[in-house]
Structure formats: C-alpha cells, structure tokens
Amino acid sequence: MYTVEEIFEAMEKGELQAYYQPQYDAMTCGITSAEALVRWVKPDGKVISPAMFIPEAEKSDAITAIDWYMLECACRMLKKQEEDGRQFPVAVNFSRRHIGEEGFIERLSKTVDGYGLDHSLIEVEITESAMVDDMDSILEWISDVHNAGFIVAIDDFGSGLSSLQFVKEMPADILKIDKSLLSENCENEKERIVLESIFYFANRLNMTTIAEGVETKEQLSFMRTCDCKKIQGYYFARPMNESDYLQLCREYICVDNTADILEIQAPTSALNLLMKVVFRRYPLVIFSNLTRNSFYMMTYKEFTSTGCPSTGVFDELIEHGTLSMHPDDREAFSTTFNRLNLLSAHENGVKEVRLITKQLGDDGVYRRVETTDYFVKSPSSEDVLVITLCDNLPED
Ligand code: C2E
Ligand code: MG
Ligand code: MG
C-alpha cells in the first residue's frame with residue numbers, strides 16, 4: 001500500500017497514467033467506447049494496479065484529485081483521436097466522494113469544454129456502492145450530470161445492495177453488470193435466471209447494458225442471449241496504454257463476428273421460437289378464463305377459424321366450436337367443454353380434459369382433432385384458467 005503523499009507525488013511526476021480498456025458491441029464485436037483505468041507506471045516501467053493505491057486514496061480527497069486528473073487524460077486522448085477522424089466515448093470513474101462536491105458540474109463541463117469536446121463523449125461512472133448514501137443527493141447529482149449532456153453509467157451493478165427502485169428512478173444511461181455475477185461458463189441455472197432478469201429489466205428501462213469481466217466464449221454467448229449490448233472484458237481486450245488504444249481504434253478490427261446459434265436465444269426471441277414449435281404441433285392455442293367466461297385465441301394457418309372471433313365469450317366459443325364438429329361428435333363436444341362442467345371438473349381435482357372429434361376445417365374437409373384443456377392457476381387471482389391445445393391427428 002502507498003501513502004497519500006506518495007500518490008500525489010506520483011501524479012505530479014506524471015507517473016499516474018490512464019489505461020484504456022475497449023468496450024465492444026456484443027453483436028458486431030466492433031469497438032464502441034472505452035473505460036479509462038488508472039495505472040501507476042514506475043520509472044522502471046513496472047505497472048502498479050489501482051488495487052494497490054485506490055483504497056488508500058478513497059480514504060481522503062486524494063481520490064477526487066485522481067479522478068479529475070484522469071478526466072484530463074481522457075480529454076487529451078480524445079483530442080488526439082479527433083485527428084484520426086473517429087472518436088469513441090470514454091468512461092471515467094468518479095468516486096462517491098464527488099457526490100455533493102461543490103461546483104462538480106461546473107468543473108466537469110468546464111474541463112470538457114476546455115478541450116472543445118462534446119459532452120456525450122464522456123461517460124461518468126459512479127459505482128453502485130455509492131447508492132447506499134443519501135438517495136436524494138445521489139439522484140440530484142446523477143440528474144445534474146445527465147442533464148448537462150454527459151452519459152451516466154452505474155458501475156459494478158449487482159456487487160452490492162442497491163435497490164431496483166433506485167435504478168428505476170435514476171436517469172442513468174448505462175448499467176454495467178458486475179463481473180462477480182458471471183461464473184466461468186455461465187452454466188448455473190440460477191445464475192442464468194438472475195442475469196436474464198437483470199438484462200431484461202435494464203433493457204426495458206432503455207438502459208444500455210455492459211457486461212464487465214467477460215473472459216470466455218461461453219460467457220460472451222450467454223451475454224448475447226441476454227440481449228446484453230456491450231462487452232468489456234479480457235476476452236476482447238485488456239486495459240492498454242494510450243498509444244496502443246489509439247492504434248487499436250485506428251485499425252478498428254471487429255474481433256469476433258462469427259454467427260452464433262445462441263444469438264437468437266434472447267428470452268423474447270427464444271419464446272417466439274418456442275411458440276413457433278408449439279404452433280407446429282398445436283395449430284390452435286386458446287387461453288380462457290372460465291370464471292369470467294372469456295377467451296383469447298391464438299390461431300394458426302390451416303385450422304378452423306372461419307367466422308370465429310379471436311377473443312370473446314367462452315360459452316359462445318363452445319357453441320361455435322360445436323357447430324364446426326361432425327354431427328356425431330357435437331353432443332360429446334358441447335358436454336365435455338361446457339363451461340360449468342369444466343369448472344366442476346376442476347373443483348374435483350381434474351388436471352386436464354381431452355376429447356377426440358372430427359372437425360370441419362376452413363377448407364371444407366373434416367379432420368380428426370384432439371382437443372386438450374389444461375387447467376392452470378392464475379398468478380394474480382383465484383380465477384380458473386384453461387389453456388386449450390388442439391392437435392391435428394392423422395386420419396385413421
Ligand atoms: P471498475 O471501474 O469496475 O473497472 C473494471 C475493472 O475490471 C478493471 O480493473 C479492469 O481491468 C477489470 N477487468 C476488466 N475486464 C476484466 C476481465 O475480463 N477479467 C477480470 N478479472 N477483470 C477485468 P482495474 O483496472 O484493476 O480497476 C479496479 C478498480 O479500481 C476499478 O473497477 C475502479 O473501481 C477503480 N479505479 C480504477 N481507476 C480509477 C479511477 O480513475 N478513479 C476511481 N475512482 N476509481 C478507479
Ligand atoms: Mg468502472
Ligand atoms: Mg466495474
């Protein structure tokens with residue numbers, strides 16, 4: 001560990017340097033941005049990790065001095081990048097000590113303006129662990145940064161105890177998912193569920209998601225299935241010094257663009273695919289609320305649907321369905337699927353009701369159809385729900 005005096009001395013001598021770790025688009029695998037990370041480069045070339053001096057600096061205002069210093073480094077780098085014709089935003093870490101810092105926004109704007117840079121080129125990263133402090137002042141601080149045109153990123157999300165309520169209220173643009181949430185292969189079911197849920201809610205809140213600490217192909221694949229937007233991790237690149245970073249951006253090589261079957265497994269698209277298969281097997285799926293006498297029909301091609309609305313009164317649906325049955329089957333159909341009969345079957349502990357009938361299709365041809373009603377519990381009420389799956393059977 002180093003003392004605060006030694007850290008200040010290093011800063012004065014220019015031994016503290018900004019390293020840059022590129023962030024990549026999860027799908028195209030091209031560079032999108034970078035995070036500036038402090039390194040202490042000793043005269044002999046030895047590079048000291050921030051873990052060796054940031055914790056000490058955090059105990060005093062030395063940390064705020066480091067952050068301002070890093071902002072200057074990032075601005076100077078961006079100025080150089082301007083000449084290359086293409087600039088990528090840079091994230092700078094700001095300690096929680098800046099929350100409530102007198103004149104913070106003015107100094108931030110003045111510094112960036114001093115280099116003639118657009119505010120949107122600077123991302124202000126604040127760690128999730130800062131969120132345990134006074135909520136109102138953090139909200140105000142984040143709003144001010146955001147309203148001044150800077151991008152706000154919540155760092156290390158998932159490593160602490162910040163509440164979802166808080167994330168919901170913050171006008172932050174980016175959510176950085178902490179590497180502690182990712183295991184080597186992302187193969188643990190509970191871990192996957194937790195990650196899927198985090199990405200789902202962040203995406204729904206229109207926040208850009210960045211996964212930190214992605215080291216393996218498996219992690220990358222899984223991140224893609226979660227609709228994670230950006231990746232920062234050793235799998236793509238480690239933090240590097242300024243000139244290496246500028247060179248990398250100039251070359252702008254997409255690192256890995258191999259199509260991956262898992263890409264389409266984002267929860268929503270996975271569900272859509274699953275429904276396609278369900279429809280292939282069951283050309284007609286109906287959701288009904290027996291208690292409320294209503295239904296919602298998911299029709300599929302080549303099944304009887306003529307004249308039948310896709311949503312309405314359940315009793316009328318059964319009447320309509322009965323008419324489309326072969327005359328020999330009408331009695332059985334209308335009795336089996338009579339709403340009151342179904343409700344009493346449910347009361348008696350029946351889990352599903354099944355019947356095979358001949359039904360007239362839209363093309364005027366009778367087909368053997370197996371209709372199965374599955375009773376399901378409503379997640380939100382005591383209503384009795386039923387999911388109906390209709391299966392076309394081969395002719396006998
Ligand atoms: P952070 O802001 O969450 O930065 C990400 C850390 O994860 C970096 O560690 C980075 O090198 C590391 N990392 C990135 N990809 C991977 C990976 O695939 N695997 C693993 N194992 N690690 C990966 P670094 O540079 O050692 O920084 C550690 C922490 O020190 C930072 O965490 C940040 O909290 C703090 N820090 C660094 N620079 C500054 C600064 O200028 N100001 C402030 N306030 N804090 C800083
Ligand atoms: Mg960070
Ligand atoms: Mg982090």
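Residues numbered from 1 in each chain as written. Chains lettered and ligands numbered in written order. Predicted model: local features only at pLDDT ≥ 70, side-chain atom pairs only at ≥ 80, totals over all residues. Heavy atoms only, no water.

Asks: I would appreciate a short explanation of the coordination of the magnesium ion (ligand 2) in the present structure.
Replies: For the magnesium ion (ligand 2), the protein coordination sphere consists of Glu35 (OE), Asn93 (OD1), Glu125 (OE) and Asp155 (OD), at 2.0 to 2.2 Å. In terms of primary sequence, the donors binding the magnesium ion (ligand 2) are separated according to E-x57-N-x31-E-x29-D. The metal-metal distance between the magnesium ion (ligand 2) and the magnesium ion (ligand 3) is 4.1 Å, with Asp155 coordinating both. Linking Asn93 in strand β4 (residues 90–94) with Glu125 in strand β5 (residues 122–127), this pair joins segments that are 32 residues apart in sequence. (Donors = N, O, S within 2.8 Å, 3.2 Å for Na, K, Ca; no water. Helix = DSSP H or I, 4+ residues; strand = E, 2+ residues; numbered from the N terminus.)

Asks: It is not clear to me how helix α11 (residues 314–323) should be interpreted in this structure. Could you clarify?
Replies: Every buried residue of α11 is accounted for by Phe314, Leu317, Ile318, Gly321 and Thr322. Down the axis of α11, the buried set is contained in an arc of 135°. They therefore lie on one face. Pointing more than 90 degrees away from the buried face of α11 are the exposed residues Glu319 and Leu323. The secondary structure elements touched by the buried residues of α11 are β10 (284–289), β11 (294–298), β12 (311–313), α12 (330–336) and α13 (339–347). (Buried < 20%, exposed > 50% of the residue type's maximum accessible area, 1.4 Å probe, protein only. Arc of directions from axis to C-beta. Contact = heavy atoms within 4.5 Å.)

Asks: So what exactly am I meant to see when it comes to a negative patch on the surface here?
Replies: A cluster of acidic side chains, namely Glu102, Glu106, Asp134, Asp136, Glu140 and Asp144, defines a negative patch on the protein surface. No other element matches the three residues that helix α5 (residues 135–147) contributes to the negative patch. Note that Asp144 resides in helix α5. Relative accessible area serves as the criterion here: at 36%, Asp144 is assigned to the partly exposed category. (Patch = residues over 30% accessible without salt bridge, like charges linked within 9 Å, V, L, I, M, F, W, Y side chains within 5 Å. Areas by Shrake-Rupley, 256 points an atom, 1.4 Å probe, with all protein chains shown as cover. Salt bridge = Lys/Arg side-chain N within 4 Å of Asp/Glu carboxyl O. Lys, Arg positive; Asp, Glu negative; His and termini not counted. Charge placed at Lys NZ, Arg CZ, Asp CG, Glu CD.)

Asks: Can you help me understand the coordination of the magnesium ion (ligand 3) in this one?
Replies: Four donors placed tetrahedrally around a metal ideally meet at 109.5 degrees, and six donors placed octahedrally ideally meet at 90 or 180 degrees. Surrounding the magnesium ion (ligand 3) are the protein donor atoms Asp155 (OD), Asp156 (OD), Glu212 (OE) and Glu212 (OE), at 2.0 to 2.3 Å. Mapped onto the sequence, the donors of the magnesium ion (ligand 3) take the spacing D-D-x55-E.

Asks: Looking at this model, I keep getting lost on the environment of Arg96. Mind explaining?
Replies: Structurally, Arg96 can be placed in the loop between β4 and α4 (104–114). Beyond its immediate chain neighbours, meaning those up to four positions away, Arg96 contacts Ile126, Ser129, Ala130, Val132 and Asp133.

Asks: Teacher, can you tell me more about the domain arrangement of the protein here?
Replies: Considered domain by domain, the protein is made up of domain 1 (4–274) and domain 2 (282–392). Centre-to-centre separation of domain 1 and domain 2, based on C-alpha positions: 53 Å. (Domains from an automatic or database assignment.)

Asks: Whenever I open this one, the nonpolar core confuses me. Can you help?
Replies: Looking at soluble globular proteins, one finds that nonpolar side chains tend to be buried together. If you look at the biggest cluster of nonpolar residues, it comprises 87 residues, and the most contacted ones within it are Leu16, Tyr20, Phe53, Ile66 and Met223. In this structure, Phe295, Met297, Val353 and Cys390 belong to the second largest nonpolar core, which totals 20 residues. (Core = buried A, V, L, I, M, F, W, Y, C linked by side-chain atoms within 4.5 Å.)

Asks: Just to check I follow, could you spell out the packing of aromatic side chains for this structure?
Replies: Both the distance between ring centres and the angle between the ring planes are used here to describe each pair of aromatic rings. Applying the stated criterion across every chain, the model contains 12 aromatic pairs. Between Tyr2 and Trp40, the ring centres sit 4.5 Å apart and the planes meet at 45°, which makes this aromatic pair tilted. Of this pair, Tyr2 sits in the segment before α1 (4–12) while Trp40 sits in strand β2 (residues 31–41), placing them 38 residues apart in sequence. A single burial state applies to Tyr2 and to Trp40, both of which are buried. An angle of 45° between the planes, with centres 5.2 Å apart, marks the rings of Trp68 and Phe104 as tilted. On the criterion of sequence distance, the pair formed by Trp68 in helix α3 (residues 62–83) and Phe104 in helix α4 is long-range, its members being 36 residues apart. As far as burial versus exposure is concerned, Trp68 and Phe104 are alike and both buried. An aromatic cluster is present here, built from Trp68, Phe94, Phe104 and Trp141 joined pairwise through their rings. It is Lys42 that lies over the ring of Trp40; its NZ or CZ is 4.4 Å from the centre. Cation over ring: Arg238 sits above Tyr234, and NZ or CZ is 3.9 Å from the ring centre. (Phe/Tyr/Trp six-rings, centres within 6.5 Å; stacked < 30°, edge-to-face > 60°. Lys NZ or Arg CZ within 6 Å of the ring centre and 35° of its normal.)

Asks: Explain the pairing of strand β15 (residues 384–392) to me, please; I cannot follow it from the model alone.
Replies: On any regular strand, side chains alternate: one points to one face of the sheet, the next to the other face. Sheet topology places β10 next to β15; six bridges connect them, and they run antiparallel. Within the sheet, the bridge partner assigned to Ser288 lies in β15 and is Val386. Across nine bridges, strand β14 (residues 366–377) lies against β15 in antiparallel orientation. The residue of β15 that forms the bridge with Val376 is Leu385. (Pairing = 2+ DSSP bridges.)

Asks: I tried to follow the site of ligand 1 on my own but got confused; where do I start?
Replies: Around ligand 1 there are 23 residues in total, and Arg39, Asp67, Asp155, Glu215 and Tyr234 lie nearest to it. Between Glu35 and ligand 1, the recorded distance is 3.0 Å, taken from a side-chain N or O atom to an oxygen atom. Asp155 places a polar side-chain atom, nitrogen or oxygen, 2.9 Å from an oxygen atom of ligand 1. Protein chains shield 82% of the accessible area of ligand 1, which is 800 Å² for the free molecule. The element contributing the most residues to the shell around ligand 1 is β2, with four residues. Here the residues of the shell around ligand 1 are counted per class, giving nine nonpolar, five polar and nine charged. (Near = heavy atom within 4 Å. Polar contact = N/O pair within 3.5 Å; in protein donor to acceptor, adjacent residues only side chain to side chain. Nonpolar A, V, L, I, M, F, W, Y, C, P; charged D, E, K, R; others polar.)

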